[in-house]
Amino acid sequence: MYKYDKLDRDFVTSRSAQFRDQVNRRLSGELSEDEFKPLRLQNGLYLQLHAYMLRVAIPYGVLSGAQLRGLAGIARDFDRGFGHFTTRQNIQFNWIKLVETPDILDRLASLDMHAIQTSGNCIRNVTSDPFAGAAADELEDPRGWCEIIRQWSTLHPEFAFLPRKFKIAVSAGAVDRAATGFHDIGLRLTKSISGEIGFRVLVGGGQGRTPRVAQQLSRFLPKRHLLSYLEAILRVYNAAGRRDNIYKARIKILVEAMGIDAFRDAVNNEWLLIKDSAIELPQHEQDRILAQFSPPALPESADNWSAIKAKRADDRGFDDWVRRNVSPHYQPGYVNVSVSLKSIGRPPGDASASEMEAIAALAETYGQDELRVTYSQNIVIPHMRQTDLFAIYTALAKLQLAGGENGLISDMIACPGLDYCNLANARSLPLAEMIFQKFGDAKTRQDIGPIRLNISGCINACGHHHAADIGILGVNKKGVENFQITLGGKTGEDAAVGRILGPSFVEADVPDAIARIIDVYKAKRLSASEEFADTLARLGPAIFKDAVYETV
Amino acid sequence: MTNILDRSKSQPESKSQPQSQSQSQAQSESQSADILITANRLDDGSVVWLADDLQWRQERHHAGHFDKVARRRALAKASHSEAANEVTAIYEIPIDGKADVSARERIRALGGPSIVPPKDLNPT
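For the structure given in this document, a descriptive report is provided here. (Residues numbered from 1 in each chain as written. Chains lettered and ligands numbered in written order. Predicted model: local features only at pLDDT ≥ 70, side-chain atom pairs only at ≥ 80, totals over all residues. Heavy atoms only, no water.)

### Thoughts on the environment of Ala169(A)
Residues and elements named next belong to chain A. Among the secondary structure elements, Ala169 is positioned in strand 7 (residues 168-171). For Ala169, a relative accessible area of 0% gives the class buried. C-alpha separation for the pair Ala169 and Ile185, spaced 16 residues apart in sequence, amounts to 6.6 Å. (Helix = DSSP H or I, 4+ residues; strand = E, 2+ residues; numbered from the N terminus. Buried < 20%, exposed > 50% of the residue type's maximum accessible area, 1.4 Å probe, protein only.)

### Side note on the environment of Tyr334(A)
Residue and element names in this part refer to chain A. Structurally, Tyr334 is set in strand 12 (residues 334-339). Between the alpha carbons of Tyr334 and Asn304 there is a distance of 10.0 Å; along the sequence they are 30 residues apart. Look past the residues within four positions of Tyr334 in its chain and what remains in contact with it is Leu298, Pro299, Ser301, His329, His383, Met384, Arg385 and Gln386. Here the side chain of Tyr334 touches Pro299 through a polar contact of 2.7 Å, landing on its backbone oxygen. (Contact = heavy atoms within 4.5 Å. Polar contact = N/O pair within 3.5 Å; in protein donor to acceptor, adjacent residues only side chain to side chain.)

### Considering the packing of aromatic side chains
Residue and element names in this part refer to chain A. Applying the stated criterion across every chain yields a total of 16 aromatic pairs over all chains. Following the ring pairs from residue to residue traces out a cluster consisting of Phe318, Trp321, Phe390 and Tyr393. Over the face of the ring belonging to Trp271 we find Lys275, whose NZ or CZ atom lies 4.4 Å from the ring centre. Lys311 extends its terminal NZ or CZ atom over the ring of Phe390, reaching a point 4.3 Å from the ring centre. (Phe/Tyr/Trp six-rings, centres within 6.5 Å; stacked < 30°, edge-to-face > 60°. Lys NZ or Arg CZ within 6 Å of the ring centre and 35° of its normal.)

### Some points on the interface of chain B and chain A
Across the boundary between the two partners, chain B contributes 41 residues, which contact 62 residues of chain A. Approximately 4,000 Å² of surface area, both sides summed, lies buried where chain B meets chain A, with 52% of it carried by carbon and sulfur atoms. Our count for the chain B to chain A interface comes out at 1 salt bridge. Notably, a salt bridge pairs Asp120(B) with Arg76(A), separated by 2.7 Å at the nearest N-O pair. (Buried area = accessible area lost by both parts, 1.4 Å probe. Salt bridge = Lys/Arg side-chain N within 4 Å of Asp/Glu carboxyl O.)

### Some remarks on the sheet that holds strand 10 (residues 215-222) of chain A
All names here are of chain A. Ordered in space as 6-7-8-9-10, the 5 strands form an open sheet in which the pairing is mixed. Of all strands in the sheet, those bounded by a partner on one side alone are strand 6 (127-128) and strand 10. Note that strand 6 and strand 7 share 2 bridges and pair parallel. Directly across from Thr127, in strand 7, lies its bridge partner Ala169. In the packing of helix 8 (residues 260-274) onto the sheet, contacts are made with strand 9 (197-203) and strand 10, and the angle to strand 10 comes to roughly 35°. (Pairing = 2+ DSSP bridges. Axes fitted to C-alpha atoms, helices over the stretch in contact; angles between N-to-C directions.)

### Here's the deal with the environment of Val12(A)
Residue and element names in this part refer to chain A. Mapped onto the secondary structure, Val12 falls in helix 1 (residues 6-28). For Val12, a relative accessible area of 4% gives the class buried. Discounting chain neighbours no more than four positions away, the residues touching Val12 are Tyr4, Ala109, Met113 and His114.

Written out as structure tokens, the structure is:
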């Protein structure tokens, strides 16, 4: 993990002091709300439906046990004892007092954390694969490059007032677990024909009201040129991106308007001016940062799958959990464990302070004191011994966090929706609960198998409904919460935007509509191993639409 | 001083969002219907409503209903409170059986979400 040095600590501490002064000036009236709002947003502080909300950056989703305990402490001391993990690997606190925010930022600074650039028209928290540095299928650990991007983009003077917000994701696994195709810039570590590792650069992806899958800007970018190339992209966007219409201000609109080839030409022209200049990261600084992500020294550990197999045969819950929530590690004898924040009665992605502390303790006891927040709003504890799996499962079960839900219909991504958000049209969270209840039997969920169901409370699409096998979008229909269903969205190499199935439903009818879709899938799949996405691709959406809208 | 009918200032934060139907109705119909006036307290963000006695209250059932005659004084009070840095994000809600009972305003009036968040087992 990256460790703050004195420069980093001085920076976040001074930033906190600066915000304390700004808050005092706002409370005294020296700053108007119009003057203060961009300042608080640049520190992650929104005014939401019920109160102020603070979004704290978790860079590329990586946390230590102490940091997660610190976040639990903030939830307990300054909020109502819980936090909400987001698709961009951040955490949000919903009941923050403006007067206490400087104290929270001080607390964050003491944890080597901050809330800078979690809002505003700037480069946001860079996101990555939650298994980065621990996956079995990884070309190279991408976290060092994420950290380099974080440091480059933090308070970058040229990119503090972009036309709109800007999101970058980096992934290095054989499977893209960071949704790089739905980011303003997606970086995929790849290998050239000569064996050199570099970046495949995607640009212009995003969701919202104009969902677009990112297009390839560069097939192979040598790693040493990362910062100059990013700088060139951002410069083109900063100069040519639209500022006259908020709905057309994202880079995806610019790329589409110019065409990818013309956009590439513009980037290359800009890049020629700065390539190999001082903008490139010096080798010694690159080495210093990457060295902080050296693999942990893991002692040899026995591979005990036969013992685990015997336990799985005895314990259905353990069997489900191992199947869904345990994933391969690069070192034999080790695994990565996903802690599901999805269960009946729990808003997706929410965790209480005591749960955060207990999960931190597991990482400290059984892992390498390291945790990851995931795109799908769960928590990963990497580097766990296989021999400890049943003990870890037992500990999680005591916390009621041992659901084997990863990748199942219950593993819904959901935005806070109208229960918290000032922008939402409809509530996501009660609907997530209703759908979970509809498929309340664990055996049924396992039988359905891998599927992604995401819910957004408005067209801003924070719940990533566009990128789900089954997407649900909350709309306001004559003052009543209604929900559209989309089918066929995907992340990964073949990222795609889901298509609207038909007219919207009132909330009460949505779970049955989803059940009808699932019934068609189960009836028509070629075998139990054909996943929902494959059946949908094979059959097309019409048969699902007919089932959903048939009148009985 | 903020125009309290200008919801673009008092509502969305950062992201793009057209006014919802109920919000549009709030603007177009607020000239004729009685209104509620609501805001957030500046220092802690709490939702408050202006009561008949022109004091800010945290419970929706204390919200005053301001008719054409009363609204001028009420709006003046709201503007004064904003200028005095007591409240922010002021807006009015027409009592028209639509905007005032919209899902948004019902949830806001609850003072919290309609679901139950996870409970901290070790509160201080």
